Amino acid sequence: MAPIGTLIGPTVNQRNYKARIVAHVLGIELNTTPSFQMGVENKTPEFLAKYPAGKVPVFEGADGFQLTDSSAIANYVASKGPNNAQLLGETDEERAQILQHSFFAEGELAPAMAGFFYPTMGFAPYIKPAVQAAEEQYFRFLGVLNTILIDKTFLVGERLTIADIIVACNLVVPFKVYLTADDRKQYRNVTRYFKTMVSQPSFKAVIGDVALCEKRIQPPTPAKKDKKEKKPAEQPKKAEKKEKPAKVEEEEEEAPKPKPKSKLESLPETSMKLDDWKRFYSNNDTKPDAMEWLWKNIDADGYSFWKVVYKYNDELTRLFMTNNLIGGFFARLERARKYAFGNLLTLGVDNDNMIWGYFIVRGKEIPEEVTDAADFESFEWTAADHTDPKTRAEIEDCFAWEGPTLPREFYDGKTYK
Ligand SMILES: N[C@@H](CCC(=O)N[C@@H](CS)C(=O)NCC(=O)O)C(=O)O
């Protein structure tokens, strides 16, 4: 596919990332301007004639179509892609929610951030009360987002949408230079969400690895008045200031590669077909029948067992929400259906519960069909020895959803098959 147009503006910029991530997700070619000179090229009469605000990024289509505003551009690029329904929302409700989150990002988060970030970086006059008010606003909005994300991996539905791309891109600079480890602890859901987003392949391809802030950026220290010094304190030059923001390594935009055939297809034949186990499990009592079948037929060289525990159990609230979270995770494990089977259980009580369970997977390692799931990193996968009697009992109780080895009281569960 020929490039649909050019995204004009500096490429190391969180607004610029949005359309490029969309393009990467959908396999759309989009030209960029890596050597763009900020403050120069966007202020020429030619540029201003086309884009009077003089802001970037802007888009110029191969057909001459012109567009400003990063989120509008990201939406437009998405509209040109194949199979874009998931990204743009499948229902009226989803599309409306995507707008809701996009407006929140642009209308609330971004201006509040600008209110403290620009003065702190020296791009705007530093007026302490105004900066403090902007910071307060920003943390209030971050709190809102934190609440929204309590039981969500993605903002809308169970998969990546353009709302995630817009919101997560708005968070890149704060997470890199402003939100300290303490802040990240306080806004844990936002942090988990941000980490999940930036580890998606399309985010990585565009932004690279995001190093989280170690020390918050500090406002410029006023030049000390030295009585002996006659020269006035040197005013930092505007062009120099603009180079200050922490650099993100740029990566070449990768054309999406065709999905390789699963590595698991080249494993030696196994004597136990996973589908046979799934069928037997579905059609028989788990204890003792299905479990006896499994222990008799398991091909220990062809499969491995894994204990799976949610890493953020202490953040879980309502039991039904926890169980929904498992459902969402399983939906995102779709690619692994042929190679994996498991049960994850919701255990405990409202506001004090956990996700715990076991998986059987083809091969001796966790395959990429599993690690590919967006929220794989939210779960601890530990290799389990199914020949150990204690582990075996846990697997049996887990697959049966009952028994003395469940670590907490059983509420509900879901089977991945
Ligand atoms: N809502 C616009 C805001 C664009 C914007 O403020 N861009 C900044 C760079 S990140 C800019 O061009 N500033 C230059 C100026 O204000 O003159 C968008 O999302 O694209």
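Residues numbered from 1 in each chain as written. Predicted model: local features only at pLDDT ≥ 70, side-chain atom pairs only at ≥ 80, totals over all residues. Heavy atoms only, no water.

S.K.: Would you mind going over helix H12 (residues 274-283) with me for this structure?
M.R.: Two residues of an α-helix separated by three or four positions point the same way, owing to the 3.6 residues in each turn. Listed in full, the buried residues belonging to H12 are Leu274, Trp277, Lys278 and Tyr281. Angularly, the buried residues of H12 cover 100 degrees about the axis, an arc narrow enough to put them on a single face. Residues of H12 that are buried in the fold lie against helix H13 (286-297), strand S5 (303-310), strand S6 (340-349), strand S7 (352-362), helix H16 (389-400) and strand S9 (410-416). (Buried < 20%, exposed > 50% of the residue type's maximum accessible area, 1.4 Å probe, protein only. Helix = DSSP H or I, 4+ residues; strand = E, 2+ residues; numbered from the N terminus. Arc of directions from axis to C-beta. Contact = heavy atoms within 4.5 Å.)

S.K.: Would you mind going over the pairing of S6 with me for this structure?
M.R.: Put simply, side chains in a regular strand alternate between the two faces of the sheet. Along S6, nine of the ten residues are buried, which leaves the element largely enclosed by surrounding structure. Pairing of S6 with S7, which is carried by ten bridges, proceeds in the antiparallel orientation. By the bridge assignment, threonine 346 is partnered in S7 with isoleucine 355. What sits between the antiparallel neighbours S6 and S7 is a turn of two residues, in which asparagine 351 has the positive phi angle 65 degrees. Relative to S9, S6 is paired through six bridges, and the arrangement is antiparallel. (Pairing = 2+ DSSP bridges.)

S.K.: I would appreciate a short explanation of the sheet that holds strand S1 (residues 5-8) in the present structure.
M.R.: Picture the strands of a sheet paired through backbone hydrogen bonds; they go either parallel or antiparallel. Across the sheet, which stays open at both edges, the four strands sit in the order S2-S1-S3-S4 with mixed pairing between neighbours. What marks the edges here is a single partner per strand, and that holds for strand S2 (31-32) and strand S4 (66-68). Strand direction decides the pairing type here: strand S3 (residues 58-61) and S4, joined by three bridges, are antiparallel. Along S4, the bridge assignment pairs phenylalanine 59 with leucine 67. In the packing of helix H3 (residues 70-79) onto the sheet, contacts are made with S1, S3 and S4, and the angle to S4 comes to roughly 135 degrees. (Axes fitted to C-alpha atoms, helices over the stretch in contact; angles between N-to-C directions.)

S.K.: Help me understand the site of the ligand in this model?
M.R.: For the ligand, the full set of nearby residues is Asn13, Arg15, Met38, Lys43, Gly54, Lys55, Val56, Pro57, Asp69, Ser70 and Glu106. Contact distances for the ligand include 3.1 Å between an oxygen atom and a side-chain N or O atom of arginine 15. Serine 70 has a polar side-chain atom sitting 2.6 Å from an oxygen atom of the ligand. Expressed as a share of its isolated accessible area of 510 Å², the protein-covered part of the ligand is 76%. Residue classes in the shell around the ligand are distributed as three nonpolar, three polar and five charged. (Near = heavy atom within 4 Å. Polar contact = N/O pair within 3.5 Å; in protein donor to acceptor, adjacent residues only side chain to side chain. Areas by Shrake-Rupley, 256 points an atom, 1.4 Å probe, with all protein chains shown as cover. Nonpolar A, V, L, I, M, F, W, Y, C, P; charged D, E, K, R; others polar.)

S.K.: Could you clarify how one ought to interpret the sheet that holds S9 in this entry?
M.R.: Pairing within the open sheet is antiparallel, and its five strands lie in the order S8-S5-S7-S6-S9. Strands at the two margins of the open sheet, each flanked by one partner only, are strand S8 (379-384) and S9. Sheet twist, expressed as the mean angle between neighbouring strand axes with direction ignored, is 20 degrees. The sheet contacts of H12 involve S5, S6, S7 and S9, and relative to S6 the element is tilted by about 40 degrees. Helix-sheet contacts for H16 involve S5, S6, S7 and S8, and the interaxial angle to S7 is about 105 degrees.

Structural measurements only, silent on function.
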